[in-house]
Amino acid sequence: MKLHCVILGPLLLLLLASCDGAPKTSAIDLRTFIGCAVREFTFLARKRGCRALRITTDACWGRCETWERPVLKPPYIETYHRVCTYNETKMMTVKLPKCAPNVNPFYTYPVAIRCDCDICSTATTQCETA
């Protein structure tokens, strides 16, 4: 057997073993991650008159920098509150199973393309107020 076959054979096996087709994900510790990212999310799409459908989509997830500090002039506090929210989305539509004849079977939901830490907008996010 020639020398190049002896060397290339194991090298090819190593290369094939490392290319299993699955994308590699970075190891992010979600307990300490500060920032906003797109993350896979599964929910149950429900509509009266149809069976529920489990949907896996991309949603925004994360924690953003926030702070408050006292100041001497009204309102006596300076705040900086940002939330992880959608910056860019696309809408997807699925057909729910076994809908009653008079029920529209289509269900539309957002898919996150890009997320950022930003001011909470009630147009896209359920904002909490104290």
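These numbers come from a predicted model, not from an experiment. Here, residues in each chain are numbered from 1, in the same order as that chain's written sequence. Where local features are concerned, this predicted model is filtered to residues with pLDDT of at least 70; where side-chain atom pairs are given and counted, the filter is 80 or more; whole-chain, interface and lining totals use all residues. Heavy atoms from the whole structure form the basis of all side-chain values; hydrogens and water molecules are not counted.

Enquirer: Break down the state of the cysteines for me, citing the residues and quoting the values.
Expert: Whenever a pair of cysteine sulfur atoms sits within 2.5 Å, that pair is classed as a disulfide. Enumeration over the complete set of coordinates arrives at 4 disulfides. The disulfide partner of Cys 36 is Cys 84, and the S-S distance across this bridge is 2.1 Å. Across the disulfide from Cys 36 to Cys 84, rotation about the S-S bond amounts to roughly 75°, and the bridge is consequently right-handed. A residue pair is termed long-range when its members are at least 10 positions apart, and Cys 36 in strand β1 (residues 35-45) and Cys 84 in strand β5 (residues 83-95) qualify at 48 residues. Each member of the pair, Cys 36 as well as Cys 84, carries the same accessibility label: buried. Bridging Cys 64 to Cys 117, the disulfide has an S-S length of 2.1 Å. The chirality of the disulfide connecting Cys 64 with Cys 117 is left-handed, given an S-S dihedral of about -85°. Of the two residues, Cys 64 sits in the loop between β2 (53-63) and β3 (66-70) while Cys 117 sits in strand β6 (residues 106-118), which places them 53 residues apart along the sequence. With a relative accessible area of 13%, Cys 64 lands in the buried category. Under the scheme used here, helices are H or I runs from DSSP no shorter than 4 residues and strands are E runs no shorter than 2 residues, and both carry numbers assigned from the N terminus. Only protein chains enter the calculation, and the probe is 1.4 Å; a residue is then buried if its accessible area is under 20% of its type maximum, exposed if over 50%, and partly exposed in between.

Enquirer: I'd like a rundown of the packing of aromatic side chains, residues and numbers included.
Expert: Classification of ring pairs rests on two measures: the distance between centres of Phe, Tyr or Trp rings, Trp counted by its six-membered ring, which must be within 6.5 Å, and the angle between planes, read as stacked under 30 degrees, edge-to-face over 60 and tilted in between. Inspection of the entire model under this criterion finds 6 aromatic pairs. Between the aromatic rings of Phe 43 and Tyr 107, the centroid separation amounts to 6.4 Å while the plane-to-plane angle is 40°, which identifies the pairing as tilted. Linking Phe 43 in strand β1 with Tyr 107 in strand β6, this pair joins segments that are 64 residues apart in sequence. Feature note: the residues Phe 41, Phe 43, Tyr 107 and Tyr 109 constitute an aromatic cluster, connected by ring pairs. Criterion for a charge above a ring: Lys NZ or Arg CZ within 6 Å of the ring centre, and within 35 degrees of the ring normal. Its end group placed over the ring of Trp 61, Arg 39 keeps NZ or CZ at 4.9 Å from the ring centre. For the cation-ring pair, Arg 82 lies above Tyr 80, with the distance from its terminal atom to the ring centre recorded as 4.3 Å.

Enquirer: Give a description of the pattern of salt bridges that names residues and reports values.
Expert: Definition used for salt bridges: Asp or Glu carboxyl oxygen within 4 Å of a side-chain nitrogen of Lys or Arg. Enumeration over the complete set of coordinates arrives at 3 salt bridges. The residue Glu 78 makes a salt bridge to Arg 69 at a minimum N-O spacing of 2.8 Å. Taking the relative accessible area as the measure of exposure, Glu 78 reaches 30% and is therefore partly exposed. Arg 114 is the salt-bridge partner of Glu 88, the closest N and O atoms lying 3.2 Å from each other.

Enquirer: Can you tell me about the nonpolar core, naming the residues and giving the values?
Expert: Residues Phe 43, Ala 45, Cys 50, Ile 55, Leu 96, Val 103, Tyr 109 and Val 111 constitute the largest nonpolar core, which totals 8 residues. Aside from chain neighbours lying at most four places away, what touches Phe 43 is Leu 53, Arg 54, Ile 55, Thr 57, Tyr 107 and Tyr 109. Residues enter a nonpolar core if they are buried and are Ala, Val, Leu, Ile, Met, Phe, Trp, Tyr or Cys, with the set joined through side-chain atoms within 4.5 Å. In what follows, residue pairs with any heavy atoms lying within 4.5 Å of each other are defined as contacts.

Enquirer: Give a detailed account of the confidence of the model for the protein, specifying residues and quantitative values.
Expert: With 76% of its residues at a pLDDT of at least 70, the protein reaches an overall mean of 79. Ignoring residues within four places in sequence, the model shows residues 1-25, a span with pLDDT below 50, making 3 contacts including any to other chains. By definition, pLDDT measures how confident the predictor is in each residue, and it falls between 0 and 100.

Enquirer: Can you break down the pairing of strand β4 (residues 77-81) residue by residue, with the values?
Expert: Two strands qualify as a pair provided DSSP detects at least 2 bridges between them. In this sheet, β4 lies alongside β3 in antiparallel orientation, the contact comprising 5 bridges. Bridging across to β4, Arg 69 finds its partner in Glu 78. Counted along the chain from β3 to the antiparallel partner β4, the turn is 6 residues long, and its residue Tyr 76 has a positive phi close to 70°.

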